[in-house]
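One letter stands for each residue in the lines below.
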Amino acid sequence: MTALDDARAIALFLDMMAAERGAAANTIAAYGRDLAQASAALSGGLAGADARTLERLIHEWRDLAATSLARKLSAVRRFFAFLVSEGLRGDNPAGDLASPTKGRPLPKTLSREEVDRIFAVVEEEAASGPAGLRLKALIELLYGSGLRATELVSLPRAAIKPGTPYAVLKGKGDKERMVPVSARAGEAVAAWAATLTPGEKYLFPSGNAHMSRVRLFQIVKTLAAAAGISPLRVSPHVLRHAFATHLLEGGADLRALQSMLGHADIATTQIYTHVQSAHLVELVNRAHPLAGTRQDD
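Residues numbered from 1 in each chain as written. Predicted model: local features only at pLDDT ≥ 70, side-chain atom pairs only at ≥ 80, totals over all residues. Heavy atoms only, no water.

**Q** What is the right way to look at the confidence of the model for the protein chain in this model?
**A** Note: predicted coordinates in regions of low pLDDT should not be interpreted at a detailed level. Counting all residues, the mean pLDDT for the protein chain is 81, and 78% of those residues have values of 70 or more. Here helix α12 (residues 266-287) is the element of the protein chain with the lowest mean pLDDT, 49, and helix α9 (residues 213-226) is the one with the highest, 96. Within the model, the stretch residues 293-297 combines pLDDT values under 50 with one contact to residues more than four positions away or in other chains. (pLDDT = per-residue confidence, 0-100. Helix = DSSP H or I, 4+ residues; strand = E, 2+ residues; numbered from the N terminus. Contact = heavy atoms within 4.5 Å.)

Structure, rendered in structure tokens:
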């Protein structure tokens, strides 16, 4: 490339993320969107921008949530680091591009009582036929094994073997990890799998492929409404968060949980300890004998 054309430079970066880093398709798509928006904000001058020009991005994105802004700026920094490493630029103007200061938000989760209400509906639906059996298998694996939405919908039919208390999955970056499969989840999967036609490739098929993430989100939100919980509060990822939070509350080891969730960094898993802390503070403020009282010096 004799000139740093944005479209070509971004395409090369995304190719590198897929080939060398093994980034998931959703991750690559997110990088592509963020960089395309950065290019548009700079009138197609992203790849050739200097440090002062890049500062315009913060102004252009000033109305975004801090987490969204931080993600976009991270994409820009990685993009310029790639250009330098490939010899496409001799300098890195994004090195001092400041991210907004922010507190890390606590993950949304559900109480045990809310999970019980969800499973009460699941049990009712499971008795209604194949669609109910599929629902039960989906929810048992979301909450009982902590799977990501993409991992769940794309499960091969043979991924979960009868009588085996674990499954080996490929998650982000094609990294393999072992996840627990409870007896309940195993039974639910077996009951659903028995309804599939022989030779079916996926555990949750749809047409010639597997169920989409969008369809899974729709199923989970419909289930939440049936359980009397606002659909705005429930998603496949919230059930994964509930799996992690409730395991920690039950005394699970943080390192073991990191392995089960497939987090590359223990710091990502540690956010669940803050959920526990927030819950304990709320409990003390609500139930402690001195809560709400004020003692003057």
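**Q** Could you clarify how one ought to interpret the packing of aromatic side chains in this entry?
**A** Note on aromatic pairs: each is described by the distance of the centres and the angle between the planes. Tallied over the entire structure, the rule returns six aromatic pairs. An angle of 10° between the planes, with centres 6.4 Å apart, marks the rings of Trp 192 and Phe 204 as stacked. Residue Trp 192 is located in helix α8 (residues 183-193), and its partner Phe 204 is located in the loop between α8 and β3 (205-206); the two are separated by 12 residues in the primary sequence. The pair Trp 192 / Phe 204 is uniform in exposure class, with both members buried. Clustering of aromatic rings is evident, with ring pairs tying together Phe 13, Tyr 31, Phe 79, Phe 80 and Phe 82. The ring of Trp 61 has Lys 72 sitting right over it, with the charged end atom 5.4 Å from the ring centre. One residue, Arg 184, lies across the ring of Phe 119, its end atom 5.0 Å from the ring centre. (Phe/Tyr/Trp six-rings, centres within 6.5 Å; stacked < 30°, edge-to-face > 60°. Buried < 20%, exposed > 50% of the residue type's maximum accessible area, 1.4 Å probe, protein only. Lys NZ or Arg CZ within 6 Å of the ring centre and 35° of its normal.)

**Q** What is the right way to read helix α5 (residues 112-126) from this model?
**A** Owing to its 3.6 residues per turn, the α-helix aligns residues three or four sequence positions apart on the same side. Taking 1.5 Å per residue, 15 residues should reach 21 Å; α5 reaches 21 Å between its end C-alpha atoms and fits that length. Every buried residue belonging to α5 is among Glu 114, Val 115, Ile 118, Phe 119, Val 121, Val 122 and Ala 126, and all of these are buried. Taken down its axis, α5 places every buried residue within 155° of arc, on the same side. Facing away from the buried surface of α5 by more than 90 degrees, the exposed residues are Asp 116 and Glu 124. (Expected span 1.5 Å × (residues − 1). Arc of directions from axis to C-beta.)

**Q** How should the pattern of salt bridges be read in this particular structure?
**A** Pairs can form between side chains of opposite charge once their charged atoms are near each other. Evaluated as defined, the whole model comprises eight salt bridges. With a shortest N-O distance of 3.0 Å, Arg 71 and Asp 34 are connected by a salt bridge. A residue pair is termed long-range when its members are at least 10 positions apart, and Arg 71 in helix α4 (residues 66-85) and Asp 34 in helix α2 (residues 25-41) qualify at 37 residues. Owing to a relative accessible area of 3%, Asp 34 belongs among the buried residues under this scheme. Of the charged contacts, one joins Arg 89 and Asp 91 as a salt bridge, the two residues approaching to 2.9 Å between their closest N and O atoms. (Salt bridge = Lys/Arg side-chain N within 4 Å of Asp/Glu carboxyl O.)

**Q** Can you walk me through the pairing of strand β1 (residues 166-170) in this structure?
**A** Each regular strand displays side chains that alternate between the two surfaces of the sheet. Alternating residues of β1 divide into Ala 167 and Leu 169, all buried, and Tyr 166, Val 168 and Lys 170, none buried. One ladder, built from five bridges, connects β1 with strand β2 (residues 176-180); its direction is antiparallel. Residue pairing in the sheet places Ala 167 in a bridge with Val 179 of β2. (Pairing = 2+ DSSP bridges.)

**Q** Help me out: how do you make sense of the nonpolar core in this one?
**A** Most often, soluble globular proteins keep nonpolar side chains buried together rather than apart. Core analysis: the biggest nonpolar cluster contains 45 residues, and Ile 139, Leu 141, Leu 155 and Phe 204 have the highest contact counts within it. Counting residues per element, the ones that place at least two in this core are α5, α6 (130-145), α7 (149-153), β1, α8, α9 and α10 (236-249). With residues up to four places along the chain from it excluded, the contact list for Leu 141 reads Gly 146, Leu 147, Leu 152, Leu 155, Ile 160, Ala 185, Val 189, Leu 203 and Phe 204. Tyr 31, Ala 49, Phe 80 and Leu 83 belong to the second-largest nonpolar core, a separate cluster that totals 29 residues. (Core = buried A, V, L, I, M, F, W, Y, C linked by side-chain atoms within 4.5 Å.)

**Q** Any chance you could explain unusual backbone geometry here in plain terms?
**A** Keep in mind that most residues, glycine aside, have a negative phi and that most peptide bonds are trans. The phi angle at Ser 43 is positive, at roughly 55°, despite the residue not being glycine. Topologically, Ser 43 is positioned in the loop between α2 and α3 (51-60). A residue is classified by how much of its surface remains accessible, and Ser 43, at 69% relative accessible area, is exposed.

**Q** How should the packing of α6 against α8 be read in this particular structure?
**A** The description of two packed helices rests on the angle between their axes and on the distance between the axes. As a packed pair, α6 and α8 sit with axes 8 Å apart at the nearest point and diverge in direction by 150°. Considering the angle they form, α6 stands roughly antiparallel to α8. Where α6 crosses over α8, the two elements pack in a sense that is left-handed. Counting all contacts with α6, which are made through Pro 130, Leu 133, Arg 134, Lys 136, Ala 137, Glu 140 and Leu 141, the residues of α8 involved are Arg 184, Ala 185, Ala 188, Val 189, Ala 191 and Trp 192. (Axes fitted to C-alpha atoms, helices over the stretch in contact; angles between N-to-C directions. Parallel < 35°, antiparallel > 145°, perpendicular 65-115°, else oblique. Left-handed = near helix turned anticlockwise from the far one by under 90°.)

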